Amino acid sequence: MNKEKGKILITGGLGFIGSHTVVELQNEGFEVVIIDDLSNSKIEVLDGITSITGIKPEFVQLDLKVKQKVTEFFKNHQIEGVIHFAASKAVGESVEQPLKYYENNISTLVYLLQEMAKNEVNRFIFSSSCTVYGQADELPITEKAPIKLAESPYGNTKQIGEEIINDTTRVGNLQAIALRYFNPIGAHKSVKIGELPIGVPQNLIPFVTQTAAGIRQELSVFGDDYPTHDGTAVRDYIHVVDLAKAHIAALKRLISGENKEKMEFFNVGTGKGSSVLDVIKAFEKVSNKKLNYKIVGRREGDITSAYADTSFANKELGWQTKLDLEDALASAWKWQLKQK
Ligand code: WQD
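Residues numbered from 1 in each chain as written. Predicted model: local features only at pLDDT ≥ 70, side-chain atom pairs only at ≥ 80, totals over all residues. Heavy atoms only, no water.

## Some words on the overall build of the protein
The line we're drawing: In DSSP terms, a helix is any run of H or I states spanning at least four residues, a strand is any run of E spanning at least two, and both are numbered starting from the N terminus. Between two residues, a contact is recorded if the distance between any of their heavy atoms is within 4.5 Å. For the accessible areas, the method is Shrake-Rupley and the probe is 1.4 Å, while residue cover comes only from the protein chains on display. Positive charges come from Lys and Arg, negative ones from Asp and Glu, while His and the chain ends are left out of the count. Working definition for charges: the position is that of NZ of Lys, CZ of Arg, CG of Asp or CD of Glu.
Secondary structure assignment for the protein yields 11 helices and 13 strands. Expressed as lengths along the three principal axes of its C-alpha atoms, the size of the protein is roughly 55 × 40 × 40 Å. Across the protein, every contact between residues at least 6 apart in sequence was considered, and the portion connecting residues at least 24 apart equals 80%. Here the protein displays about 15300 Å² of accessible surface, and carbon together with sulfur accounts for 50% of that area. For the protein, the distance from the average position of its 40 positive side-chain charges to the average position of its 43 negative side-chain charges is 4 Å.

Set out below in structure tokens:
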């Protein structure tokens, strides 16, 4: 362990993207400590991480909504930087339960930033989302694309979160990077960690793999009347390991002081758009399985198309994706086959 690098706090570190980022941090010699409240993750993920890297991460089960607990945590840990994943993320659920989302995604961010300021922890990476752009006017989407009125409380918490951080960097020593994810998919090649949707999957890929595994009857394709090459909606599906590595690049940028603004924003995607039917075709190829699906009406709130212009992240972070859609789908399928 390289002590001089100091401890990195990963909130939500037992979640899908968080756990893959912990693995990459440990691979790079960072000492990590995970905070997770286990509300949308499983403690077994800790063993999965340990079995990949051989290093059991320090873990603190803690609800970030309890301000006193956050205060105590920072009193007991010397933290060099924070990567903040912990948040509720289901778009549909956020429409039904807005206050749950504002409490869980906003109050926790405020408490975290308050304790960081008090303890002079000045490096912060925020899990944001391309959802802040809504349906962008121009594709591919650059970081200069206008922020559009959020279509869901979930998306609004990402926009508000970015603004809270931005305002905070103006008054103290905080240096921050918001990574605006496109669509994270796939699983670690070791098949020891991956996506663990609880209940009926809201996102496309877990629903595809569960349908192929016979857990779901058939996939509903939400609309084939979009103005796209085949009528189904287009997204930028990025392998979760490539996404995890973008966090390492962002953290190194802040530690080395190479950031050019007190708060920076990066679109993190592959730069390639794939339609739902493209995904189905690619999945059938990598799994050698025929997928049972039917076309139904559009899902409320869905946009037509989103894929990233990654040139700013490629240039400034020195990062780019190495894995493609088929790699990600193959890893998601291998992970699905391992689930009981
Ligand atoms: C992808 C495409 C659906 C399910 C959201 C959030 C984003 C991030 C990822 C949290 C769309 C279609 C889906 C299904 C389908 N949030 N689809 N049948 O909506 O692009 O992004 O989740 O991490 O911030 O906005 O992702 O996977 O739900 O949908 O046809 O059963 O697949 O219509 O076109 P989305 P998704």
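Structure's up, so let's keep going.
## Some details on the nonpolar core
The nonpolar side chains of a soluble globular protein tend to be buried, and buried together. As a reminder of what qualifies: In this text, buried Ala, Val, Leu, Ile, Met, Phe, Trp, Tyr and Cys residues form a nonpolar core when linked through side-chain atoms within 4.5 Å. Exposure is judged per residue with a 1.4 Å probe applied to protein chains only, and the accessible area is read against the type maximum: over 50% gives exposed, under 20% gives buried, and values in between give partly exposed.
Among the nonpolar cores identified, the biggest contains 36 residues, and Leu25, Ile49, Leu179, Leu317 and Trp319 are the most heavily contacted of them. If you list the elements that add at least two residues to this core, you get strand E1 (7-11), helix H1 (16-27), strand E2 (31-36), helix H2 (44-53), strand E6 (175-181), helix H8 (240-255), strand E11 (263-268) and helix H10 (311-317). For this core, the leading source of residues is H8, giving 9 residues. When sequence neighbours within four positions are dropped, the list of residues in contact with leucine 179 reads Ile125, Phe126, Ser127, Ser128, Ser129, Ala246, His247, Ala250, Phe266, Val268 and Leu317. Grouped together as the second largest cluster of nonpolar side chains are 24 residues, Leu62, Leu112, Val121 and Phe126 included.

## Focus on the domain arrangement of the protein
Here is the rule: Each domain's extent was defined by an automatic or database domain assignment. Note: buried area is the sum, over both parts, of the accessible area (probe 1.4 Å) each one loses when the two are combined. Any pair of nitrogen or oxygen atoms within 3.5 Å is treated as a polar contact; in protein, a donor-acceptor pairing is required on top of that, and neighbouring residues in sequence qualify only through side-chain atoms on both sides. Polar here means any residue other than Ala, Val, Leu, Ile, Met, Phe, Trp, Tyr, Cys and Pro, which are nonpolar, and Asp, Glu, Lys and Arg, which are charged; Gly is therefore polar.
Domains assigned within the protein are domain 1 (7-187 + 237-270 + 309-321) and domain 2 (204-234 + 272-308 + 327-335). With 17 residues of domain 1 in contact, the opposing surface of domain 2 contributes 18 residues. A buried area of about 1400 Å², summed over both sides, lies between domain 1 and domain 2, and 67% of it is on carbon and sulfur atoms. For the pair domain 1 and domain 2, the interface holds 6 residue pairs in polar contact (both at pLDDT 80 or more). Class assignment of the residues belonging to the side of domain 1 that touches domain 2 gives a composition of 7 nonpolar, 8 polar and 2 charged.

## Considerations on the packing of aromatic side chains
Cut-off, in case you're wondering: Side-chain rings of Phe, Tyr and Trp (the six-membered ring for Trp) are treated as a pair once their centres are within 6.5 Å; stacked means planes under 30 degrees apart, edge-to-face means over 60, and tilted covers the remaining angles. Here, over-ring charges are defined by two tests on the NZ atom of lysine or the CZ atom of arginine: distance to the ring centre within 6 Å, and angle to the ring normal within 35 degrees.
Scanning the model with the defined rule gives 3 aromatic pairs in all. Seen from their ring centres, phenylalanine 73 and phenylalanine 74 are 5.5 Å apart, and the 80 degrees between their planes marks the pair as edge-to-face. Each member of the pair, phenylalanine 73 as well as phenylalanine 74, carries the same accessibility label: buried. Ring centres of phenylalanine 266 and phenylalanine 312 lie 4.7 Å apart, and the angle between their planes is 20 degrees; on these two criteria the pair is classed as stacked. Here phenylalanine 266, found in strand E11, pairs with phenylalanine 312, found in helix H10; they are 46 residues apart in sequence, far enough to count as distant. We note arginine 298 situated over the ring of tyrosine 226; from NZ or CZ to the ring centre the distance is 4.0 Å.

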